[in-house]
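# Fold and geometry: a report
One-letter residues, chain by chain:
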Amino acid sequence: MSMEFYTLGNSGLKVTRLALGTMTFGTEWGWGADKEAARAIFNAYVDAGGNFFDTADAYTGGTSESWLGEFIAERGLRDDAVIATKFTMNLTAQSPNAAGNGRKNILRAVEGSLKRLNTDHIDLYLMHCWDRLTPPEEVMRTLDDLVRSGKVLHVGLSNVPAWYASRAQAVADYRGYEPISALQLEYSLAERNIENEFVPFGTRYGAGIMAWSPLASGLLSGKYRASGSQQTEGRLETVRGTANPGFQKFTERNWAIVAELEKVSAELGRSMAQVAVNWAMTQPGIASIIIGATMLSQLKDNLGALDFEIPPQLRQRLNDVSALQPTFPYSFFGSEIQGSMTGGQTVGGKPAGYYPDLNISGKFAGVS
């Protein structure tokens, strides 16, 4: 198992390919890990070489941030740990100014997160969700102020429209604000829509994608079957019937993906979860995959995604069964239309190898 480090977007922040999601730290929502289980998960991730931790002020009523800060302090890891947390949602707010993305709430939220995490700075601070009201100019100016104050080191966006992310990055570039280093978005074999806009945006404009729910809320772990014959107490079963679109995974398309994933996993001799995480982790534009667990065994299984490669022919089978149907305007971007713009010739951006990968490894030779 190799926890290699890569820079996040165009920043100098070095993170591991697997980030530990801590939304499962706490049982306030009816599912999740108690404190001792959460501590064991945290320690196993750190012992495996991981350094990237994701949380949010809204997770489990603040328990997630508090426990994460406590666990990091117990191990003396603050200089090594990269902490990402988020603002926007305040599940107990009685005032509209105590939630959302306005400057007033961002300044309120950051102080609460710093206190719960028991730290004087946040390595990556993300807007949790577009509130459909606050202009990106206000958000980016406020985040830049936090960076200049030293309370925040890098900034990002989560769960936003692509046009909003593009506008925010353009504002930052034009006005000299701290740029967006990360986009945190849902991505898995069952949810590939970010490939249309966000992957091209992130690779061109310096925002690394942190993918959440690579197992589609557990759908791709193997615990669910279309027949319903396999009973489970997983998250999707717990929230069955919810109006939350993030948990509505039981569809004919997704059952076909589960069936093919099961076959590919059997051929590889790997668990379905490992193959699903590996596939997402090695897709274009993906900087880090957020893995979460309620049990130590789940985390250890997910860490095994680092130990193998998916052969091209098996990857193609997964790509095919999960492929998106082109809709307008993306239907105009295939060779059927684009061929009219190349004079009948094969045209590319740059030759393969034009941007060579940079990987630095080895031990310091010393000075004596």
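Please refer to the structure placed before this passage.
Residues numbered from 1 in each chain as written. Predicted model: local features only at pLDDT ≥ 70, side-chain atom pairs only at ≥ 80, totals over all residues. Heavy atoms only, no water.

### What to know about the side chain of Thr55
In this structure, Thr55 sits in the loop between β4 (52-54) and α2 (63-75). A polar contact is formed between the side chain of Thr55 and the side chain of Ser64, at a distance of 2.7 Å. Contacts of Thr55, omitting those with residues within four sequence positions, involve Thr22, Ser64, Glu65, Leu68, Ala84, Thr85, Lys86 and Leu117. (Helix = DSSP H or I, 4+ residues; strand = E, 2+ residues; numbered from the N terminus. Polar contact = N/O pair within 3.5 Å; in protein donor to acceptor, adjacent residues only side chain to side chain. Contact = heavy atoms within 4.5 Å.)

### What to know about the side chain of Ser188
Structurally, Ser188 can be placed in the loop between β8 (180-186) and α6 (194-205). A polar atom in the side chain of Ser188 sits 3.1 Å from the backbone nitrogen of Ala190. Once residues lying within four places of it in the same chain are set aside, the contact partners of Ser188 are Ser213, Pro214, Ala216, Leu220 and Trp279.

### Description of the pattern of salt bridges
Under the criterion given, the structure shown has 18 salt bridges. A single network of salt bridges, built from pairs that share partners, joins Lys35, Glu36, Arg39, Glu70 and Glu74. (Salt bridge = Lys/Arg side-chain N within 4 Å of Asp/Glu carboxyl O.)

### Focus on the packing of aromatic side chains
One pass over the full model with this rule turns up 17 aromatic pairs. Relative to Tyr59, the ring of Trp29 lies with its centre 6.3 Å away and its plane at 85°, an arrangement referred to as edge-to-face. Of this pair, Trp29 sits in the loop between β3 (18-21) and α1 (35-47) while Tyr59 sits in the loop between β4 and α2, and the two are 30 residues apart along the sequence. Measuring from centroid to centroid gives 5.6 Å for Trp130 and Trp163, while their planes differ by 90°, and the two rings are edge-to-face. Of the two residues, Trp130 sits in the loop between β6 (122-127) and α4 (136-149) while Trp163 sits in helix α5 (residues 162-175), which places them 33 residues apart along the sequence. (Phe/Tyr/Trp six-rings, centres within 6.5 Å; stacked < 30°, edge-to-face > 60°.)

### A word on the pairing of strand β5 (residues 82-87)
Taking burial as the measure, the 6 residues of β5 include 6 buried ones, the bulk of the element. Judged by which residues are buried, β5 turns out to be covered on both faces: Val82, Ala84 and Lys86 on one side and Ile83, Thr85 and Phe87 on the other are all buried. In this fold, β4 hands off to α2, which returns the chain to β5; that crossover is right-handed. Relative to β6, β5 runs parallel, the two sharing 4 bridges. Bridging from a neighbouring strand, Ala84 pairs with Leu124 of β6. One crossover worth recording links β5 to the parallel β6 by way of helix α3 (residues 103-117), and it is right-handed. (Buried < 20%, exposed > 50% of the residue type's maximum accessible area, 1.4 Å probe, protein only. Right-handed = clockwise from strand over helix to strand, strands pointing away. Pairing = 2+ DSSP bridges.)

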